[in-house]
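In case you want the letters, here they are:
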Amino acid sequence: MNTVDDVKMVEFRDFGDERGKLVVIEGSRDIPFEIERVFYIYDSDHDIIRGQHANRQSEFVLINVSGRSKVKVYDGKNSKIFSLDKPMTGVYLPSMIWKDMYDFSEDSVLLVLASAHYDESEYIREKEVYEKLMHAQNGD
Ligand code: TYD
């Protein structure tokens, strides 16, 4: 069972030279899964909270390729906050972690790499349902 201790910051290779910067992310090499889906979130106001769900199977890497945001992760017991503010740094989220994305700067472009195609049935969008599942697995 995954916990917030399995959520990790990831540093990517940055091939910067006098022409500018170039960051490379290769599936299964720089991140622990093959990339099946890419989406990005922008134009979210500062006071908006996105995410607010957990995924039964999908794993994610979140990168603010522009601007800043924060990700709060929760495993039914503990929570941690990660700040995303560099194009060469992301955060890896394994499956079954509750996530809230918030504090978006005006120029925030939050790139998300996902391990699976979109499937609404693997989303858990009710926090009480998620907590019950996690507590049952914990034997709480
Ligand atoms: P949602 O999961 O609420 O986004 P966030 O995690 O940022 O809060 O998704 C918003 C809408 O977009 C919802 O109707 C589902 C749809 N969607 C897709 O069709 N495919 C996708 O890959 C994603 C992430 C969302």
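One can find the structure itself at the top, above this paragraph.
Within each chain, residue numbers correspond to sequence positions counted from 1 in written order. In keeping with the model being predicted, local features are shown solely for residues with a pLDDT of at least 70 and side-chain atom pairs are shown and tallied solely at 80 or more, while totals for entire chains, interfaces and linings include all residues. To get the side-chain values, take all heavy atoms of the structure and skip hydrogens and water.

Chemist: How should the site of the ligand be read in this particular structure?
Modeler: By nearness alone, every residue bordering the ligand is listed as Arg37, Phe39, Ile41, Arg50, Gly51, His53, Tyr118, Tyr123 and Arg125. Here a polar contact means two N or O atoms within 3.5 Å. Within protein one must be a hydrogen donor candidate and the other an acceptor candidate, and residues neighboring in sequence count only if both atoms are side-chain atoms. With respect to the ligand, the backbone of Gly51 contributes an N or O atom lying 2.8 Å from an oxygen atom. Within the contact set of the ligand, an oxygen atom lies 2.8 Å away from a side-chain nitrogen or oxygen of His53. Note on areas: Shrake-Rupley, 1.4 Å probe, and residue coverage restricted to the protein chains presented here. Starting from 530 Å² of accessible surface for the ligand in isolation, the protein chains cover 60%. Of all elements in the fold, only strand E4 (37-42) and strand E5 (50-55) reach the threshold of two or more residues within the shell around the ligand. Only Asp, Glu, Lys and Arg are considered charged, only Ala, Val, Leu, Ile, Met, Phe, Trp, Tyr, Cys and Pro nonpolar, and every remaining residue, Gly among them, polar. Residue classes in the shell around the ligand are distributed as four nonpolar, two polar and three charged. The cutoff for a nearby residue is simple: one of its non-hydrogen atoms must lie within 4 Å of the molecule or strand. A run of H or I in DSSP becomes a helix once it reaches four residues, and a run of E becomes a strand once it reaches two; helices and strands are each numbered from the N terminus.

Chemist: Looking at this model, I keep getting lost on the packing of aromatic side chains. Mind explaining?
Modeler: In this description, a pair of aromatic rings is defined by centroid distance and the angle of the planes. Under the pairing criterion, centres of Phe, Tyr and Trp rings, with the six-membered ring standing for Trp, must be within 6.5 Å; the plane angle then separates stacked pairs below 30 degrees from edge-to-face pairs above 60, leaving the rest tilted. In this structure the tally under the stated criterion is five aromatic pairs. With centroids separated by 6.3 Å and ring planes inclined at 55°, the aromatic side chains of Tyr74 and Tyr130 adopt a geometry described as tilted. In this pair, Tyr74 sits in strand E7 (residues 69-74) while Tyr130 sits in helix H1 (residues 127-138), placing the two residues 56 residues apart along the sequence. Accessibility classification places Tyr74 together with Tyr130 in one group, the buried group. Each member of the aromatic cluster is reached from another via a ring pair, and the members are Tyr74, Trp98 and Tyr130. For every residue, the accessible area obtained with a 1.4 Å probe (protein chains only) is divided by the maximum for its type, and the residue is called buried under 20%, exposed over 50%, and partly exposed between those limits.

Chemist: Just checking my understanding: could you explain the sheet that holds strand E8 (residues 79-84) for this structure?
Modeler: Paired through their backbone hydrogen bonds, the strands of a sheet run either parallel or antiparallel. Strand order across the open sheet formed by five strands is E8-E7-E10-E5-E12, with antiparallel pairing between neighbours. The sheet is open, and its two borders are formed by E8 and strand E12 (123-124), each paired with just one other strand. Paired strands, as defined in this entry, are two strands with at least two bridges between them according to DSSP. The pairing of E5 with strand E10 (residues 98-102) spans three bridges and is antiparallel. Bridging across to E10, His53 finds its partner in Lys99.

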